[in-house]
Amino acid sequence: MAVKAFGIVSSADNTIHVEGLHDYRPIGAFSFLGRFRVIDFPISNMSNSDINRIQVYVRTRPRSIAEHVGSGRHYNINSKRGKIQLLFSQNSSSRSIYNNDISAYMENLDIIQRMHQDYVIIAPSYMVYKQDYRQLLDAHVASGADVTLLYHKVDNAREYFKNCHTIAVNKQKGVQSIDKNLGTANSRNIFMDTYCMKRDVFVELVKSANWMSSMYTLADIVNLKCKDMDIRAFQHRGYFATLTSLEDYFNASMELLDYDKAHDLLRPEWPIYTRTTDACPTQYFESAKVTNSFVSNGCLIEGSIENSIIGRSVVIKKGAVIKNSIIMAYSTIEEGVHIENAIVDKWAHIIHAKNIRGEIDAPQYIKRQDTL
């Protein structure tokens, strides 16, 4: 009989703050490539891996996640046995060090203990990657380990993945420690905040962390247990991005304008599900010029767009130039405006500011509903 697991989509750690965008919604609700939200990736991975019971934890500003996930029907989850539950944490202080994943799991421990599946897969809502969790689960069961962690080997850890954890792995794929990435070396095993373990082991770890310190996170307690538990590592291959800063979000989006990288992540046999919005196809006028860009539906394009991502129902007027930028849904860019290396949040209206330019490694951010 096949081993069954339920899924948990966890919230981002409180040490992670994405300037600007984070003021309005959690990272899981960030728009990605114009048509997705970041949380679509972990939920779709679970749905495609035959995980039909999924708990989504929401700690701050829950409205946008709750609206987007809704009943979860659009994630192709078995409608008889499947279910997505949104679970909330009562701690209202969003930046408090005590408002962490362990406190959220403790508040919902009775629901976790009632799950019928023997195993749990925990994945973060602030990373973008594709993974068949059946492979992770099978490797975990075959190894006889207590906990298996998913990691990605990178060679640019000095510049990127700053707020992430790294894992030290021995030759037998045993995890020796989990540490913060301090940017001291390029080659690192980045821990993808993704765990596989028995439900009962998870419950014991949560209780143990809560008893030891109310500041402990799941990563803290697993790190502490590396000495006396069998904790293994499983390597992820393929596209991987962490959205732990505005620069990371910008780079991850821009990277996917490369056809090969986008093709690796967005494959027809591994669909990324999202809540669809009925809108007309985008209308391109005679003056429009678009190269190497993602343009969502419902837009009116009269200006020129190059290497950019355009959200739903965006209006770009004649003579406007958009280069290397992300324009989010319902924004309007008036005539003659030049935008380069920028992120324009939803419902912004750019009228008088004719020249908005950031740097590739420091994009300009325009606030939601701003009129400039």
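Computed from a predicted structure; not experimentally measured.

**Re the pattern of salt bridges**
When the charged atoms of two side chains with opposite charge come close together, those side chains can pair.
Moving on, step 1. Summed over the entire model, instances satisfying the criterion amount to twelve salt bridges.
Moving on, step 2. Residue Glu67 pairs with Arg63 through a salt bridge whose shortest N-O separation is 3.1 Å. With Glu67 and Arg63 both in helix H2 (residues 63–69) and four residues apart, this pair spans about one turn of that helix.
Moving on, step 3. The residue Arg134 makes a salt bridge to Asp132 at a minimum N-O spacing of 3.0 Å.
Moving on, step 4. Overall, Arg134 belongs to the partly exposed group, its relative accessible area being 32%.
Moving on, step 5. Bridged by salt links that share partners, the residues Asp50, Asp132 and Arg134 form one connected network.

**Regarding the pairing of strand S10 (residues 175–180)**
Moving on, step 1. As judged from the five bridges shared by strand S9 (residues 165–169) and S10, these two strands associate in the antiparallel manner. Looking across to S10, one finds that Val169 is bridged to Val175.
Moving on, step 2. Connecting S9 to the antiparallel partner S10 that follows it, the hairpin turn spans five residues, and Lys173 within it adopts a positive phi of roughly 65 degrees.

**A few points about the packing of aromatic side chains**
For any two aromatic rings, the description comes down to two numbers: the centre-to-centre distance and the angle of the planes.
Moving on, step 1. For the structure on display, the rule yields ten aromatic pairs.
Moving on, step 2. Consider the rings of Tyr105 and Phe202, whose centres lie 5.1 Å apart with planes at 70 degrees: the pair is edge-to-face. Here the residue Tyr105 occupies a position in helix H3 (residues 101–107), and Phe202 occupies one in helix H6 (residues 199–212), the gap between them amounting to 97 residues.
Moving on, step 3. Look at Phe202 and you get buried, because its relative accessible area is 0%.
Moving on, step 4. An aromatic cluster of three or more residues is present, and its members are Phe30, Phe32, Phe36, Phe41 and Tyr249.

**Quick word on a nonpolar patch on the surface**
Moving on, step 1. Taken together, the side chains of Trp211, Met212 and Leu224 make up a nonpolar region of the molecular surface, amounting to roughly 360 Å² of accessible area.
Moving on, step 2. Looking at the secondary structure, you find Met212 in helix H6.
Moving on, step 3. Using a relative accessible area of 38% as the deciding quantity, one classes Met212 as partly exposed.

**Quick notes on the environment of Leu246**
Moving on, step 1. Within the secondary structure, Leu246 is located in helix H8 (residues 246–255).
Moving on, step 2. Here Leu246 falls in the buried class, since its relative accessible area comes to 3%.
Moving on, step 3. Excluding its chain neighbours within four sequence positions, the residues that come into contact with Leu246 are Val18, Glu19, Leu21, Ile343, Pro363 and Tyr365.

**Considering the side chain of Thr332**
Moving on, step 1. Mapped onto the secondary structure, Thr332 falls in strand S23 (residues 332–333).
Moving on, step 2. Beyond its immediate chain neighbours, meaning those up to four positions away, Thr332 contacts Val315, Ala348, His349 and Ile350.

**Some thoughts on the sheet that holds strand S24 (residues 338–340)**
Moving on, step 1. The strand order S15-S18-S21-S24-S27 describes an open sheet built from five strands, whose pairing is parallel. Strands at the two margins of the open sheet, each flanked by one partner only, are strand S15 (289–291) and strand S27 (355–357). Strand after strand, the sheet turns through a mean of 5 degrees between neighbouring axes, direction not considered.
Moving on, step 2. Direction of pairing for strand S18 (residues 304–306) relative to strand S21 (residues 321–323): parallel, over a ladder of three bridges. By the bridge assignment for S21, Ile305 is matched with Ile322.

**Some remarks on the sheet that holds S23**
Moving on, step 1. The strand order S14-S17-S20-S23-S26 describes an open sheet built from five strands, whose pairing is parallel. In the strand order of this sheet, the two ends are held by strand S14 (283–284) and strand S26 (349–350), each with one partner.
Moving on, step 2. When strand S20 (residues 315–316) meets S23, the two strands line up parallel, connected through two bridges. Pairing of Val315 across the sheet is with Thr332, part of S23.

Parameters and conventions
Residues numbered from 1 in each chain as written. Predicted model: local features only at pLDDT ≥ 70, side-chain atom pairs only at ≥ 80, totals over all residues. Heavy atoms only, no water. Salt bridge = Lys/Arg side-chain N within 4 Å of Asp/Glu carboxyl O. Helix = DSSP H or I, 4+ residues; strand = E, 2+ residues; numbered from the N terminus. Buried < 20%, exposed > 50% of the residue type's maximum accessible area, 1.4 Å probe, protein only. Pairing = 2+ DSSP bridges. Phe/Tyr/Trp six-rings, centres within 6.5 Å; stacked < 30°, edge-to-face > 60°. Patch = residues over 30% accessible without salt bridge, like charges linked within 9 Å, V, L, I, M, F, W, Y side chains within 5 Å. Areas by Shrake-Rupley, 256 points an atom, 1.4 Å probe, with all protein chains shown as cover. Contact = heavy atoms within 4.5 Å. Axes fitted to C-alpha atoms, helices over the stretch in contact; angles between N-to-C directions.

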